[in-house]
Amino acid sequence: MLFSRLLIPTLKENPAEAEAVSHRLLLRAGMIRKLASGIYNYLPLGLRVLRKVEGIVREEMNRAGAQEVLLPAVQPAELWEESGRWHVYGKELLRLKDRHSREFCFGPTHEEVITDLVRREVHSYRQLPLNLYQIQVKFRDEIRPRFGLIRGREFIMKDAYSFDVDEAGAEATYETMYQTYHRIFSRCGLEFKIVEADTGPIGGSFSHEFMVLADTGEDLLASCTACAYGANLEKAEALPSRPNPMPAPVGSAPEEVHTPEVRTIDEVAAFLKVSPQDIVKTLIYETDRGPVAVLIRGDHEVNEVKVKNLLRVTDISLAGPSRVEELTGAEVGFSGPVGLKLPIYADHAVAALGAFVSGANRKDFHLVNVNPQRDFTITQVADLRTVTSQDPCPRCGAKLTILRGIEVGHIFKLGLKYSEALKATFLDADGQEVFMFMGCYGIGVSRIVAAAIEQGHDEEGIIWPMALAPFQVGVVPISISDEATWEAALSLYEDLKNAGVEVLLDDRDERPGVKFKDFDLIGLPLRVVIGPKTLAQGKAEVRHRRSRQIALVDLDKLLDYLKDNIYSELHG
Ligand code: ATP
Ligand code: MG
């Protein structure tokens, strides 16, 4: 391709609206433009990268035996009524009406549509297993669309859905997808980590997320420094603490102390001269099954996902100030478990305490010397807190680290959830009608474009991995008016094209400095500069974008040099 013929509207200045580096560089490199919040146009260079990602995903899904389909973006409400999600999906679901006032939505995901298709077309165990995928536009009306392609409202996803005759079959398919995802992200040239993900109240470890490691990631992960354990922080297990070395409670009852305007853990610790570990926080939550109290040690943080899963509810939220007063008899900041008429769920670390400080359910008072066995009844002790880098690995006991990541893929064992709701059955070998076992597997195709930049960039611009680069090689003649230079550049360009290399020739009548800046910005892995000085020596200069190393290569060896470098980065 010729640079002058392509729409590459690069920008010199940093666009003010872009916080994330990938967003900034995609705009500056002329790869995307915003149409509305979370909705983007892909320009030629950006689209080439997107197509590269799609190509890798498609090849690997096909290799795994999955079959490509294309499902509609607009879906009838009735299917969502059948699955029960029309009323629970909430505001992320973009709902629309047609001219006959029939309700539809713009698909945020396709479980309903695919299950409907398969229940109509598949009736016998002989037609199974089946794994169907598509690469398609999704719409989710995210509360906070941000970071450009990382969290868009309209975005491109690869979603696959598998149907198996039994649980063992579904697990085998899951394992195949796990390996396939590993291949996909490796081929994309990304540094990633696979972590256990929350599966909701069903539990089990049949969900994994594929995380591109980047400091700008929105997800936190716990990762073991010694073994392979990794988990989303929402899910990472905290081992029950060893019994606390604190002395047993003194006397026969807790003691009330006056703590005027002392509310937060730090204020209580300072006022009573104890450490946060000796204080217990009492948090009052509203749930769809009524209010509950959750007890967490003062130096720990509650993990709401764990609380939700334990209580088997879909929604929880902290009770507001007036509700706290109504339920505990005191203002926020003075809640405690003693005398509280609510179900009490305590974290392991709280149950292990000998005696602790808590609110007294009376304004401006706390209790000291509270004992969990003696002074109140715990409904259930469980793992309810978020792990920290101070916690040991739940598998091997070594140190954990907390990392940031961008979720680019998610695989999930669905079981019978949708096949039961939509009655997707088949006749097994004995002629019995049974439900299909399902799995679903998503990849954020457009998010990968941004994640690759979060991981690969410097002050000058993007550094694409070879597999995702919009072009593999850029050819830059120092001047297009010097005939010999231009001829040499053109002939290299033709040779590269004939060899199947993706090459961008800079045919613009610009100063070299301008051209170099643009090439650094758009991030092609290899740049060849053709100029009269090196031509006179029978050579050309090749610059490697990532290492910034420059090699002077003989003209007659140039084609092989470039091809070898491309090959070794793609397959090395
Ligand atoms: P997140 O927690 O980031 O909102 P999710 O759990 O809602 O993701 P899934 O429903 O599992 O995501 O979707 C599959 C994949 O689609 C995700 O792993 C992610 O890579 C991508 N994805 C999800 N939401 C968006 C979005 N708003 N913009 C771009 N990609 C997205
Ligand atoms: Mg989401």
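Each chain carries its own residue numbering, running from 1 in the direction its sequence is written. Lettering of chains starts at A and numbering of ligands starts at 1, both following the order in which they are written. Per-residue local features of the predicted model are confined to residues with pLDDT of at least 70, and side-chain atom pairs are confined, for both listing and counting, to 80 or more; whole-chain, interface and lining totals are unaffected and use all residues. Side-chain figures throughout are based on the complete set of non-hydrogen atoms in the structure, without hydrogens or water.

**Looking at the sheet that holds strand β13 (residues 255-258)**
Cut-off, in case you're wondering: Between any two strands, pairing holds if DSSP finds at least two bridges. In this text, helices come from DSSP runs of H or I with a minimum length of four residues, and strands from runs of E with a minimum of two, each type numbered from the N-terminal end. Angles here are taken between N-to-C directions and fall from 0 to 180 degrees, while the axes themselves are lines fitted to C-alpha atoms, restricted in helices to the stretch in contact.
Taken in spatial order, the three strands line up as β13-β19-β18 in an open sheet, and their pairing is antiparallel. Across the chains shown, the open sheet's two edge strands, defined by having one partner strand only, are β13 and β18 (356-359). For this sheet, the mean angle separating the axes of adjacent strands, direction not counted, is 30°. The sheet contact formed by β18 and strand β19 (residues 365-370) spans three bridges and is antiparallel. Its bridge partner lying in β19, Phe356 is registered against Val370.

**Focus: the environment of Gly189**
The line we're drawing: Classification of residues uses two cut-offs on accessible area relative to the type maximum, computed with a 1.4 Å probe and protein chains only: under 20% is buried, over 50% is exposed, and between them is partly exposed.
Structurally, Gly189 can be placed in the loop between α5 (167-187) and β9 (192-196). What makes Gly189 partly exposed here is its relative accessible area of 44%. The spacing of Gly189 and Glu420 is 231 residues in sequence and 39 Å in space, taken between C-alpha atoms.

**A short note on the pattern of salt bridges**
Stated precisely, the cut-off is as follows: A pair is scored as a salt bridge if a Lys or Arg side-chain nitrogen falls within 4 Å of a carboxyl oxygen belonging to Asp or Glu.
One pass over the full model with this rule turns up 47 salt bridges. A salt bridge links Asp116 to Arg120, with the shortest nitrogen-to-oxygen separation between them at 3.0 Å. Of this pair, Asp116 and Arg120 both sit in helix α4 (residues 111-121), four residues apart, roughly one helical turn. Relative accessible area serves as the criterion here: at 12%, Asp116 is assigned to the buried category. A salt bridge links Arg153 to Asp141; the nearest nitrogen and oxygen atoms lie 2.9 Å apart. Here the residue Arg153 occupies a position in the loop between β7 (130-139) and β8 (154-164), and Asp141 occupies one in the loop between β7 and β8, the gap between them amounting to twelve residues. For Arg153, a relative accessible area of 18% puts it in the buried group. Sharing partners across several salt bridges, the network here consists of Asp458, Glu459, Glu460, Asp520, Arg527, Arg543, Arg545 and Arg548.

**Quick notes on the domain arrangement of the protein**
Note the following rule: Note that domain bounds follow an automatic or database assignment of domains. A contact between two residues is defined here by any heavy atoms of the two lying within 4.5 Å. In this description, buried area is defined as the sum, over both parts, of the accessible area (probe of 1.4 Å) that is lost when the two are combined. Between N or O atoms, a polar contact is any pair within 3.5 Å; within protein, one atom must be a potential hydrogen donor and the other a potential acceptor, and residues adjacent in sequence are included only when both atoms are from side chains. Amino acids outside the nonpolar list (Ala, Val, Leu, Ile, Met, Phe, Trp, Tyr, Cys, Pro) and the charged list (Asp, Glu, Lys, Arg) are all regarded as polar, and Gly is one of them.
One can read the domain layout of the protein as domain 1 (10-69 + 107-236 + 402-454), domain 2 (255-382) and domain 3 (471-571). With seven residues of domain 1 at the contact, the number on the domain 2 side is five residues. Surface buried jointly by domain 1 and domain 2 totals about 490 Å² across both partners, of which 43% is contributed by carbon and sulfur atoms. In this assembly, domain 1 and domain 2 are joined by zero salt bridges. Linking domain 1 with domain 2 are four residue pairs in polar contact (both at pLDDT 80 or more). Looking at side-chain class alone, the side of domain 1 that touches domain 2 contains three nonpolar, one polar and three charged residues.

**Quick look at the site of ligand 1**
How we decide: When at least one non-hydrogen atom of a residue lies within 4 Å of a molecule or strand, that residue is treated as near it. Using a 1.4 Å probe, the Shrake-Rupley method yields the accessible areas, and only the shown protein chains count as cover for residues.
Surveying the vicinity of ligand 1 reveals 14 residues, the closest of which are Arg140, Glu142, Arg151, Gly152 and Glu407. Measuring from an oxygen atom of ligand 1, one finds a side-chain N or O atom of Arg151 at 2.7 Å. With respect to ligand 1, the side chain of Glu407 contributes an N or O atom lying 2.6 Å from an oxygen atom. Starting from 580 Å² of accessible surface for ligand 1 in isolation, the protein chains cover 81%. Looking at the shell around ligand 1, the elements with two or more residues in it are β8 and β21 (400-415). Residue contributions to the shell around ligand 1 peak at four residues, all from β21. The class makeup of the residues in the shell around ligand 1 is five nonpolar, four polar and five charged.

**So, the packing of helix α2 (residues 44-63) against α5**
Heads up, the condition is: Roughly parallel here means an angle under 35 degrees, roughly antiparallel means over 145, roughly perpendicular means 65 to 115, and every remaining angle is called oblique. Crossings are classed by handedness, with left-handed meaning an anticlockwise turn of the near helix from the far one by less than a right angle and right-handed meaning a clockwise turn.
With their axes 10 Å apart at the nearest point, α2 and α5 run at an angle of 150° to one another. Taken as axis vectors, α2 and α5 run roughly antiparallel relative to one another. Every pair of crossing elements has a handedness; the one defined by α2 and α5 is right-handed. Mapping the contact onto sequence places Ile56, Val57, Glu59, Glu60, Met61 and Arg63 in α2 and Met177, Thr180, Arg183, Ile184 and Arg187 in α5. Class assignment for the residues of the contact of α2 with α5 results in five nonpolar, one polar and five charged.

**Comments concerning empty space enclosed by the protein**
Summary: where empty space remains is shown by rolling a probe the size of a single water molecule over the atoms. Here is the rule we go by: Definitions used throughout: a 1 Å grid over protein atoms alone; a cavity as a set of points that fits a 1.4 Å probe which cannot get out; a pocket as an open set with protein on both sides within 12 Å along at least five of seven lines; a lining residue as one with an atom within 4 Å of a point. Grid points are joined across faces, edges and corners, and a volume is the space filled by probe spheres set on the points.
Applying the stated rule across the entire model yields three cavities of 30 Å³ or more. Computed from the structure, the largest cavity encloses a volume of approximately 50 Å³. Taken together, Phe519, Asp520, Leu524, Leu526, Arg527, Arg543 and Arg545 make up the full set of residues lining the largest cavity. Mapped onto the lining of the largest cavity, the elements with two or more residues apiece are α14 (512-522) and β29 (526-530).

**What about the pairing of β21?**
Here strand β10 (residues 207-213) pairs with β21 via seven bridges, running antiparallel. Residue pairing for β21: Ser207 is matched across the bridge by Phe412. Sheet topology places strand β11 (residues 219-224) next to β21; six bridges connect them, and they run antiparallel. Pairing of Leu221 across the sheet is with Leu403, part of β21. Two strands pair when backbone bridges link them, and β21 and strand β24 (residues 437-444) are joined in this way by six bridges, in the antiparallel orientation. Within β24, the residue paired with Ile411 across the bridge is Tyr441.

**Some words on α4**
Of all eleven residues that make up α4, eight are buried, and the element is covered over most of its length. Turning to α4, its buried residues are Glu111, Glu112, Val113, Ile114, Thr115, Asp116, Val118 and Arg119.

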